[in-house]
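# Inside the fold
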Amino acid sequence: MHLSFRQIDIFRVVAQLESYTRAAEKLHLTQPAVSMQVKQLEEDTGLALFERHGKRMRLTNSGKELLHYANQVLHSYSDMLSAIEDLRDLSSGHLVISVATTATYFITKLLADFTTQHEGITLTLDVTNRQQLLLQLENFEPDLVIMGEPPKGHNLSSERLMENPLVVIASPRHPLAGRQQIKLQEITNERFAVRERGSGTRNAIERHFMSHGVECNSTLEMRSNETIKHSAEAGLGLGIVSLHTIQLELEAGRLVVLNVESFPIRRHWHIVTRKGKRLTQVARLFRDFVKREAPRTPLLNFPT
């Protein structure tokens, strides 16, 4: 029996996404090509790997067992490629980085500076939500991840990178704009635009309010920080976002940071890796660069 790395990789992506169509999009293949490769793998192994549940696919018990070994094989293969890169000089190499959506506001500048200093290095950058970052880490996909504090018990290594303060924002025309020492209770009856449930920012906000014995009475869920900023600017409600995301709006006078007691919420960015993943020289070089340069990132209008 001969199984190719391509078959194993396609099987793994289908198992992750539970869909031939979405796997084909990610792999830049046609849906029939992905379906054919999985069917061929099932024939070669003599195992039923997937079963249908409505429109979604689920791994069988045999499929789950095979996925366990598939991840090990592909991880070892990735390590081999990393070792090959290490045998070259650092004038070339490839870096795979995934970042939380909010982190793009500062990480893109750092990436630009890094690639300017190391012109031969190529880069793959994925910007996604917390859930996808954890899934990618579980599957050993990125070299490094920039995100908020990762959860415990996921076999991850993390290092605190820099401060990520969450602040309350509003339109300059809002009645609370310009007020000093606003009581937390005063803003709880305001309408808030916040990220969707499950996001790191949303979790931090809910924990913060709960620790002070208050809760928001009216919230509008938004899928992006840009939408939250636009909503606050238009007067639709208040927002709570990372200070890193609003520097341009503060400079232009389109948004203001409200001086609310117990704010900003003090969070931190972390640089995260999967335990057991071998970092290439390029990844180690970038990790050291980010740890050195990220804390120097300036923050305007930081509330005192």
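Before any of the text, the structure's been laid out above.
Residues numbered from 1 in each chain as written. Predicted model: local features only at pLDDT ≥ 70, side-chain atom pairs only at ≥ 80, totals over all residues. Heavy atoms only, no water.

### Considering unusual backbone geometry
- Cis geometry marks the peptide bond from Phe 263 to Pro 264; its omega dihedral reads 5°.
- By secondary structure assignment, the location of Pro 264 is in the loop between strand S11 (256-257) and strand S12 (268-274).
- For His 28, which is not glycine, the phi dihedral falls at a positive 60°.
- Mapping His 28 onto the fold places it in the loop between helix H2 (20-27) and helix H3 (31-45).
- Positive phi, close to 55°, is recorded for Gln 181, a residue that is not glycine.
- Structurally, the position occupied by Gln 181 is in the loop between strand S7 (166-170) and helix H7 (184-187).
- The class of Gln 181 is exposed, set by a relative accessible area of 66%. (Helix = DSSP H or I, 4+ residues; strand = E, 2+ residues; numbered from the N terminus. Buried < 20%, exposed > 50% of the residue type's maximum accessible area, 1.4 Å probe, protein only.)

### Remarks on empty space enclosed by the protein
- All chains considered together, the criterion is met by one cavity of 30 Å³ or more.
- Taken as a whole, the largest cavity encloses approximately 190 Å³ of empty space.
- In this structure, the largest cavity is lined by 17 residues; those nearest its centre are Ala 100, Thr 102, Arg 130, Gly 200 and Thr 201.
- Mapped onto the lining of the largest cavity, the elements with two or more residues apiece are helix H6 (130-138) and helix H8 (200-211). (1 Å grid on protein atoms, 1.4 Å probe; cavity = no way out; pocket = protein on both sides within 12 Å on 5 of 7 lines; lining within 4 Å. Points joined across faces, edges and corners; volume = space filled by probe spheres on them.)

### What to know about the packing of H2 against H3
- With their axes 8 Å apart at the nearest point, H2 and H3 run at an angle of 110° to one another. Put simply, H2 runs roughly perpendicular to H3. In contact with Tyr 20, Thr 21, Ala 23, Ala 24 and Leu 27 of H2, H3 contributes Gln 31, Val 34, Ser 35 and Val 38.
- Residue composition of the contact of H2 with H3, grouped by class: six nonpolar, three polar and no charged. (Axes fitted to C-alpha atoms, helices over the stretch in contact; angles between N-to-C directions. Parallel < 35°, antiparallel > 145°, perpendicular 65-115°, else oblique. Contact = heavy atoms within 4.5 Å. Nonpolar A, V, L, I, M, F, W, Y, C, P; charged D, E, K, R; others polar.)

### A few points about the packing of aromatic side chains
- Applying the stated criterion across every chain, the model contains six aromatic pairs.
- Here the aromatic rings of Phe 114 and Phe 289 are separated by 5.4 Å at their centres, their planes lie at 55°, and the arrangement is tilted. Here the residue Phe 114 occupies a position in helix H5 (residues 104-117), and Phe 289 occupies one in helix H11 (residues 281-293), the gap between them amounting to 175 residues.
- Assessed through its relative accessible area of 1%, Phe 114 is described here as buried.
- Residue classification places Phe 289 among the buried positions, given a relative accessible area of 3%.
- Seen in terms of ring centroids, Phe 209 and Phe 263 are 6.3 Å apart; in terms of plane orientation they differ by 65°. Their pairing is edge-to-face. (Phe/Tyr/Trp six-rings, centres within 6.5 Å; stacked < 30°, edge-to-face > 60°.)

Remember, this is a structural readout, not a statement about activity or role.
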